[in-house]
Amino acid sequence: MRKINRLVIHCLDVTNGRPTTIRELDTWQAERVMKRELAAREEPAIDRFNSKYPYVAYHFFLPCDGGVYALRGEDEAGSHAPGTNNDSLAAALVGRDAYTEEQWAALRGLVADVRRRYGDEIAIVGHRDWNPGRDCPGFSVSDWLKGEMAPLAGHILRGGHA
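Just so it is clear, the structure is predicted and the values come from calculations on it, not from any experiment. (Residues numbered from 1 in each chain as written. Predicted model: local features only at pLDDT ≥ 70, side-chain atom pairs only at ≥ 80, totals over all residues. Heavy atoms only, no water.)

Draft legend 1. Examining the overall build of the chain more closely. Each helix and strand counted, the chain has five helices and five strands in total. Along the chain, helices (α) and strands (β) appear in the sequence β-α-α-β-β-β-α-β-α-α when read from the amino end. The buried share of the chain, reckoned over its 162 residues, is 50%. Counting contacts in the chain only where the partners sit at least 6 residues apart, residues at least 24 apart contribute 69% of the total. Accessible area of the chain: about 8300 Å², with a carbon and sulfur share of 49%. (Helix = DSSP H or I, 4+ residues; strand = E, 2+ residues; numbered from the N terminus. Buried < 20%, exposed > 50% of the residue type's maximum accessible area, 1.4 Å probe, protein only. Contact = heavy atoms within 4.5 Å. Areas by Shrake-Rupley, 256 points an atom, 1.4 Å probe, with all protein chains shown as cover.)

Right, dumping it as C-alpha coordinates:
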(Lines give C-alpha, C1' and ligand atoms only; values in the text may rest on other atoms or scores of the structure.)
Protein backbone atom coordinates (compact mmCIF):
# COMPACT_ATOMS: atom_id res chain seq x y z
CA MET A 1 0.00 0.00 0.00
CA ARG A 2 1.37 3.42 -0.92
CA LYS A 3 1.74 6.23 1.63
CA ILE A 4 -0.98 8.88 1.30
CA ASN A 5 0.06 12.37 2.44
CA ARG A 6 -2.70 14.54 0.99
CA LEU A 7 -6.11 14.76 -0.61
CA VAL A 8 -6.09 17.15 -3.58
CA ILE A 9 -9.45 18.72 -4.40
CA HIS A 10 -10.16 19.55 -8.03
CA CYS A 11 -13.08 20.94 -10.01
CA LEU A 12 -14.21 20.02 -13.50
CA ASP A 13 -14.18 22.88 -15.97
CA VAL A 14 -17.88 22.61 -16.78
CA THR A 15 -20.80 24.96 -16.20
CA ASN A 16 -21.80 24.99 -12.53
CA GLY A 17 -24.67 22.57 -11.95
CA ARG A 18 -24.22 20.78 -15.28
CA PRO A 19 -25.28 17.13 -15.08
CA THR A 20 -22.07 15.24 -15.80
CA THR A 21 -21.48 11.50 -15.92
CA ILE A 22 -18.40 9.46 -15.14
CA ARG A 23 -18.49 8.24 -18.76
CA GLU A 24 -18.19 11.86 -19.96
CA LEU A 25 -15.31 12.49 -17.59
CA ASP A 26 -13.53 9.36 -18.82
CA THR A 27 -14.04 10.44 -22.45
CA TRP A 28 -12.69 13.95 -21.78
CA GLN A 29 -9.68 12.61 -19.96
CA ALA A 30 -8.89 10.05 -22.66
CA GLU A 31 -7.15 12.90 -24.50
CA ARG A 32 -4.99 13.91 -21.51
CA VAL A 33 -4.46 10.88 -19.28
CA MET A 34 -2.59 7.67 -20.04
CA LYS A 35 -4.86 4.64 -20.10
CA ARG A 36 -4.44 2.39 -17.09
CA GLU A 37 -3.72 -1.25 -17.79
CA LEU A 38 -5.81 -3.63 -15.72
CA ALA A 39 -3.48 -6.53 -16.47
CA ALA A 40 -0.60 -4.68 -14.80
CA ARG A 41 -2.46 -4.36 -11.49
CA GLU A 42 -1.61 -6.55 -8.53
CA GLU A 43 -4.35 -9.05 -7.72
CA PRO A 44 -5.74 -7.33 -4.56
CA ALA A 45 -5.94 -4.02 -6.41
CA ILE A 46 -7.98 -5.48 -9.28
CA ASP A 47 -11.02 -5.66 -7.03
CA ARG A 48 -10.84 -1.92 -6.41
CA PHE A 49 -9.94 -0.92 -9.97
CA ASN A 50 -12.85 0.57 -11.90
CA SER A 51 -12.13 -1.01 -15.26
CA LYS A 52 -15.18 0.59 -16.92
CA TYR A 53 -13.41 3.97 -16.91
CA PRO A 54 -9.76 3.44 -17.87
CA TYR A 55 -8.78 7.10 -18.28
CA VAL A 56 -10.12 8.84 -15.19
CA ALA A 57 -7.40 10.74 -13.35
CA TYR A 58 -9.17 11.01 -10.00
CA HIS A 59 -9.94 8.68 -7.13
CA PHE A 60 -13.32 10.25 -6.32
CA PHE A 61 -16.01 11.97 -8.39
CA LEU A 62 -18.56 14.29 -6.74
CA PRO A 63 -21.45 15.18 -9.08
CA CYS A 64 -24.18 17.70 -8.31
CA ASP A 65 -26.52 15.13 -6.70
CA GLY A 66 -24.16 14.67 -3.74
CA GLY A 67 -22.89 11.23 -4.66
CA VAL A 68 -19.30 10.17 -4.05
CA TYR A 69 -18.10 7.68 -6.65
CA ALA A 70 -14.83 5.78 -6.30
CA LEU A 71 -12.93 5.73 -9.59
CA ARG A 72 -9.27 4.80 -9.16
CA GLY A 73 -8.27 2.41 -6.41
CA GLU A 74 -6.66 4.22 -3.49
CA ASP A 75 -3.52 2.13 -3.87
CA GLU A 76 -3.17 3.40 -7.45
CA ALA A 77 -1.40 6.69 -8.20
CA GLY A 78 -3.62 9.33 -9.75
CA SER A 79 -2.91 11.44 -12.79
CA HIS A 80 -4.10 14.79 -11.53
CA ALA A 81 -1.31 16.96 -10.04
CA PRO A 82 2.29 16.44 -11.16
CA GLY A 83 4.63 16.13 -8.22
CA THR A 84 2.05 14.64 -5.89
CA ASN A 85 0.35 11.90 -7.88
CA ASN A 86 2.30 9.16 -6.11
CA ASP A 87 1.42 10.19 -2.55
CA SER A 88 -2.06 11.67 -2.84
CA LEU A 89 -5.69 10.98 -3.48
CA ALA A 90 -7.75 13.19 -5.80
CA ALA A 91 -11.38 14.27 -5.63
CA ALA A 92 -13.15 16.13 -8.44
CA LEU A 93 -16.24 18.29 -7.96
CA VAL A 94 -18.48 18.96 -10.96
CA GLY A 95 -18.55 22.72 -11.65
CA ARG A 96 -16.06 25.57 -11.80
CA ASP A 97 -16.68 27.65 -8.69
CA ALA A 98 -20.15 27.01 -7.25
CA TYR A 99 -21.43 23.71 -5.91
CA THR A 100 -24.73 22.34 -4.65
CA GLU A 101 -25.39 21.92 -0.94
CA GLU A 102 -25.28 18.18 -1.64
CA GLN A 103 -21.78 18.46 -3.15
CA TRP A 104 -20.52 20.47 -0.18
CA ALA A 105 -21.95 17.83 2.20
CA ALA A 106 -20.41 15.02 0.12
CA LEU A 107 -17.01 16.73 0.13
CA ARG A 108 -17.20 17.26 3.91
CA GLY A 109 -18.07 13.56 4.35
CA LEU A 110 -15.25 12.47 2.05
CA VAL A 111 -12.68 14.57 3.93
CA ALA A 112 -13.91 13.15 7.26
CA ASP A 113 -13.65 9.61 5.89
CA VAL A 114 -10.16 10.15 4.45
CA ARG A 115 -8.99 11.65 7.75
CA ARG A 116 -10.50 8.74 9.68
CA ARG A 117 -8.70 6.21 7.51
CA TYR A 118 -5.38 8.01 6.95
CA GLY A 119 -5.12 10.18 10.07
CA ASP A 120 -5.87 13.80 10.85
CA GLU A 121 -2.38 14.82 9.73
CA ILE A 122 -3.23 14.19 6.07
CA ALA A 123 -3.11 17.51 4.17
CA ILE A 124 -6.29 18.66 2.45
CA VAL A 125 -5.36 20.99 -0.41
CA GLY A 126 -6.75 22.44 -3.59
CA HIS A 127 -5.10 21.73 -6.93
CA ARG A 128 -4.31 25.45 -7.10
CA ASP A 129 -2.49 25.21 -3.75
CA TRP A 130 -0.24 22.49 -5.12
CA ASN A 131 0.14 23.95 -8.62
CA PRO A 132 0.10 27.78 -8.33
CA GLY A 133 -1.36 29.60 -11.28
CA ARG A 134 -4.36 27.30 -11.49
CA ASP A 135 -7.83 28.27 -10.37
CA CYS A 136 -8.91 24.74 -9.56
CA PRO A 137 -10.93 24.35 -7.52
CA GLY A 138 -12.79 27.62 -7.81
CA PHE A 139 -12.65 28.24 -4.05
CA SER A 140 -10.02 28.42 -1.33
CA VAL A 141 -9.73 25.01 0.32
CA SER A 142 -7.87 26.54 3.28
CA ASP A 143 -10.73 29.04 3.84
CA TRP A 144 -13.24 26.17 3.63
CA LEU A 145 -11.29 24.17 6.21
CA LYS A 146 -10.94 27.22 8.50
CA GLY A 147 -14.71 27.65 8.27
CA GLU A 148 -15.19 24.11 9.62
CA MET A 149 -16.02 22.82 6.14
CA ALA A 150 -19.21 24.87 5.85
CA PRO A 151 -20.15 25.87 2.29
CA LEU A 152 -18.42 29.11 1.35
CA ALA A 153 -20.53 32.18 0.62
CA GLY A 154 -20.55 32.97 -3.07
CA HIS A 155 -19.79 29.35 -3.94
CA ILE A 156 -23.18 27.77 -3.22
CA LEU A 157 -25.28 26.78 -6.22
CA ARG A 158 -29.00 27.32 -5.65
CA GLY A 159 -31.50 27.12 -8.44
CA GLY A 160 -28.73 27.14 -11.03
CA HIS A 161 -27.12 30.33 -9.67
CA ALA A 162 -24.37 31.03 -7.15
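Draft legend 2. Local environment of the side chain of Arg72. Considering the arrangement of structural elements, one finds Arg72 in the loop between strand E3 (69-70) and strand E4 (88-94). Take Arg72: its relative accessible area is 6%, and that puts it in the buried class.

Draft legend 3. Looking closely at helix H1 (residues 22-29). Those residues of H1 that sit buried are Ile22, Leu25, Asp26 and Gln29. End-on, the buried residues of H1 take up no more than an arc of 100°, which puts them together on one face. Check the buried side of H1 and you find it contacts strand E1 (6-12), strand E2 (60-62) and E3. (Arc of directions from axis to C-beta.)

Draft legend 4. Geometry of unusual backbone geometry. Omega for the bond connecting Cys136 with Pro137 falls within 30 degrees of zero, at -10°, which places this linkage in the cis form. Mapped onto the elements, Pro137 comes out in the loop between helix H4 (127-130) and helix H5 (141-146). If you check the backbone angles, Met149 has positive phi at about 65° while not being a glycine. Counting through the fold element by element, Met149 comes out in the segment after H5. Take Met149: its relative accessible area is 14%, and that puts it in the buried class.

Draft legend 5. Expanded view of the packing of aromatic side chains. The tally for this structure, following the rule as stated, stands at six aromatic pairs. When the centroid spacing of 5.7 Å and the interplanar angle of 75° are considered together, the rings of Tyr99 and Phe139 count as edge-to-face. Within this pair, whereas Tyr99 is found in the loop between E4 and helix H3 (101-118), its partner Phe139 is found in the loop between H4 and H5, the two being separated by 40 residues in sequence. Assigned by exposure class, Tyr99 and Phe139 land together as buried. Centroid distance Trp104 to Trp144: 6.1 Å. Interplanar angle 40°. Geometry classified as tilted. With Trp104 in helix H3 and Trp144 in helix H5, this residue pair connects regions lying 40 residues apart in the sequence. The residues Trp104 and Trp144 share a single accessibility class, namely buried. (Phe/Tyr/Trp six-rings, centres within 6.5 Å; stacked < 30°, edge-to-face > 60°.)

Draft legend 6. Highlighting the side chain of Asp26. Take Asp26: it is sitting in helix H1. Asp26 gets classed as buried once you look at its relative accessible area, which sits at 5%.

Draft legend 7. Just the sheet that holds E2, in detail. Pairing is mixed in the open sheet, where five strands are placed in the order E3-E2-E4-E1-E5. Here the strands that pair on one side only, and so sit at the sheet edges, are E3 and strand E5 (123-126). Where E1 and E4 come together, seven bridges link them in parallel fashion. Looking across to E4, one finds that Leu7 is bridged to Leu89. (Pairing = 2+ DSSP bridges.)

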